[in-house]
Amino acid sequence: MLRTVLLLLALAKTACPSPASVASRRAEALKKLLEVFGMEDPPAPPTHFKQPPQYMVDLFNTVANADGVTKNPDILEGNTVRSFLEKTHSEEMRFLFVLSSMAKNEKILTAELHLFRLWPRVTDGPKRHHFCQVSVYQVLEKDKPDTPGGKKLLAARLVSLQTSGWEVFAITPAVRDWTEDESSNQGLLVTVQDPAGSPLDPPPLQFASGRGHHESKKPMLVLFTDDGRRGASLLTAGFPDLKPQAPGLPAKMPVPKLGRSRSTRSLDRLRPCQRHPLSVDFEEIGWSGWIISPRGYNAFHCKGSCPFPLGENMRPTNHATVQSIINALKLSEGVSSPCCVPDKLFSINLLYFDDDENVVLKQYDDMVAGSCGCH
C-alpha cells in the first residue's frame, strides 16, 4: 500500500507537463489515493464548524501518536470505530441512531451506547436511594414498547446516584439486527428503577438528551467494526524505536519531484540503502476540510544502493545476500543487485467526518516505512 501512495504522490507532481495534463494526472492520482483509503469520493466537509466527540479524540490519541502512526496495534478491536449522535432530540428516554453511513462489508464486533448521566434530582422523603437500576431495551414495537414482545432487554446494571458522568452499555445484538434489516431499527428505550426493580416516578436519575443539552453530552452510539481490509505480508507492528532511521517529522516537507538531474540520481545510487522522510500533507492534497487528525504524516521512503558485500546495517535477507554474491561474481547473467525497499511497515490512523458528519476513526495498514533493507 505504501508503494501505491508514493507512486500516486509522484504522479500528482510531475515536472513541466502541460496545465491540462497536470489537472488530469492530479485528479487521477487523488482518485487512486482515495481508493487506498477505501473511499470512492472524499466526504463533504461539515457545513459549519463541528467539534468531534471527546471520546473519539481521546481514542485517537490513545491509539496513535501525533502523526497518526499506530502506537500499539492491539488496542483497537477491528480497524474501524464509528460514532453516531442521537438524531431525534427526544426528551424521553427513547433514542434513535441512523446508521446509513455504515459500509455493507463491515462486520460489527462491538456496539456501545454512551449516555451522559446528569446530576441526580434531590428527592423528598425518608426513602432516598444511593443506587438505581438502569435498563436498556431494543424497541421491537415502535408504538407499543411496553406491551409483551414490544421490547428486548439488552443491558441492565446498578448506577450510583452520587455522581455525574458517562455510562456505557453494550448493545451489540440490537445493532447487528439493524444492519441486517434496516427497517427493524425502532431505536432504544432506557428505564430507571429502584434496586428492587420497582418504577421510580419521577426517576431520580436522568441522562442528557439531544435536546436542551450541550453537543458534548449528547447520547452517542459507538461501533467497533472491521471491513476486512488488510495490508501486505510484510511485518507490521506498533510505532518503533528506530534511532538510526527515525528523523523527526519536519513541519512541512515538499513531496519529492520527478525529473532530477542525472548527477543527483547517480549520487543516490552510490549512497547506502536507508530511510528518507516523505511528508504527506492533507491540506496540500485538499482533504483538510474533512480530516480531523492528523494534518499529515511522514510516510518515509527507501532509497540507496545495496553494494557487495552487504553489511548487517543494511538488514539483508539471506536471499538478498546470495543474490548480491551472484551479481558481484557475475555467476549468472541478468541477475541485478538487491533493491532497497521497506522491510517493516506501520499502520496509520485517520480521524475524520463522513458524509453524514459522523466521526470515524479508521486504521490503515502498511502506510509508513518503518525501516529499510536490501531485499
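Now for a description of the structure that goes with this document. Quick caveat, the model's predicted, so the values are computed rather than measured.

The next point concerns the state of the cysteines. Taken as a whole and assessed by the stated rule, the structure comprises three disulfides. Across the disulfide, C302 is cross-linked to C372 (sulfur-sulfur distance 2.0 Å). Given an S-S torsion of about -85°, the disulfide between C302 and C372 has left-handed geometry. Linking C302 in strand β14 (residues 301-303) with C372 in strand β16 (residues 359-374), this pair joins segments that are 70 residues apart in sequence. Take C302 and C372: they sit in the same class, and that class is buried. Linked covalently through their sulfurs, C306 and C374 form a disulfide whose S-S length is 2.2 Å. Here the disulfide of C306 and C374 is left-handed, its torsion about the S-S bond being about -90°. Of this pair, C306 sits in the loop between β14 and α7 (318-329) while C374 sits in strand β16, and the two are 68 residues apart along the sequence. Taking only the cysteines that form disulfides and numbering them from first to last, the protein has the pattern 1-4, 2-5, 3-6.

Attention now moves to the nonpolar core. Membership of the largest hydrophobic core comes to 35 residues, with the highest contact counts inside it found for F37, F282, W287 and I348. The element contributing the most residues to this core is β16, with seven residues. Excluding residues within four positions of it along the chain, F37 makes contact with R229, F282, W287, I348, L350, Y364 and M367. Counting residues in hydrophobic clusters, the runner-up holds 30 residues, among them F95, A155, W178 and F207.

With that settled, consider the sheet that holds strand β4 (residues 131-139). Pairing within the open sheet is antiparallel, and its four strands lie in the order β2-β7-β4-β5. The open sheet is flanked by β2 (94-95) and β5 (151-160), the only strands paired with a single partner. Sheet topology note: the β4/strand β7 (residues 188-193) ladder contains six bridges and is antiparallel. When the sheet's bridge partners are listed, Q133 is paired in β7 with Q193. Here helix α4 (residues 172-180) sits on the sheet and contacts β4, β5 and β7; the angle it forms with β4, its principal contact strand, is near 15°.

Right, let's get into α7. With twelve residues, α7 extends 17 Å from end C-alpha to end C-alpha; this agrees with the ideal 16 Å at 1.5 Å per step. Those residues of α7 not exposed but buried are A320, Q323 and S324. The buried residues of α7 occupy one face: seen down the axis, they fall within an arc of 105°. Set apart from the buried face of α7 by more than 90 degrees, the exposed residues are N318 and L329.

On the surface, E40, D41, D355 and D356 cluster together into a negatively charged patch. Judged by relative accessible area, which is 55%, D355 ranks as exposed.

Here we take up the pattern of salt bridges. Summed over all chains, the structure comprises nine salt bridges. Its salt-bridge partner being R82, residue E106 comes within 2.6 Å of it at the nearest N-O pair. Residue E106 is found in the loop between β2 and β3 (107-117), and its partner R82 is found in strand β1 (residues 80-85); the two are separated by 24 residues along the sequence. The same class applies to E106 and to R82, which are both buried. One salt bridge connects K151 with D146, and the closest N-O pair in it is separated by 3.8 Å. Exposure remark for K151: the relative accessible area of 26% places this residue in the partly exposed category. When salt bridges with common partners are traced through the structure, they connect R82, E106 and D354 into a single cluster.

To continue, consider the packing of aromatic side chains. Tallied over the entire structure, the rule returns eight aromatic pairs. Between F37 and W287 the ring centres are 5.7 Å apart and the planes differ by 85°, which places this aromatic pair in the edge-to-face class. With F37 in the loop between α2 (19-36) and α3 (54-63) and W287 in the loop between α6 (282-285) and β12 (291-293), this pair connects stretches of sequence that are 250 residues apart. With respect to class, F37 is no different from W287; both count as buried.

Quick notes on the rules
Residues numbered from 1 in each chain as written. Predicted model: local features only at pLDDT ≥ 70, side-chain atom pairs only at ≥ 80, totals over all residues. Heavy atoms only, no water. Disulfide = S-S within 2.5 Å. Helix = DSSP H or I, 4+ residues; strand = E, 2+ residues; numbered from the N terminus. Buried < 20%, exposed > 50% of the residue type's maximum accessible area, 1.4 Å probe, protein only. Core = buried A, V, L, I, M, F, W, Y, C linked by side-chain atoms within 4.5 Å. Contact = heavy atoms within 4.5 Å. Pairing = 2+ DSSP bridges. Axes fitted to C-alpha atoms, helices over the stretch in contact; angles between N-to-C directions. Expected span 1.5 Å × (residues − 1). Arc of directions from axis to C-beta. Patch = residues over 30% accessible without salt bridge, like charges linked within 9 Å, V, L, I, M, F, W, Y side chains within 5 Å. Areas by Shrake-Rupley, 256 points an atom, 1.4 Å probe, with all protein chains shown as cover. Salt bridge = Lys/Arg side-chain N within 4 Å of Asp/Glu carboxyl O. Lys, Arg positive; Asp, Glu negative; His and termini not counted. Charge placed at Lys NZ, Arg CZ, Asp CG, Glu CD. Phe/Tyr/Trp six-rings, centres within 6.5 Å; stacked < 30°, edge-to-face > 60°.

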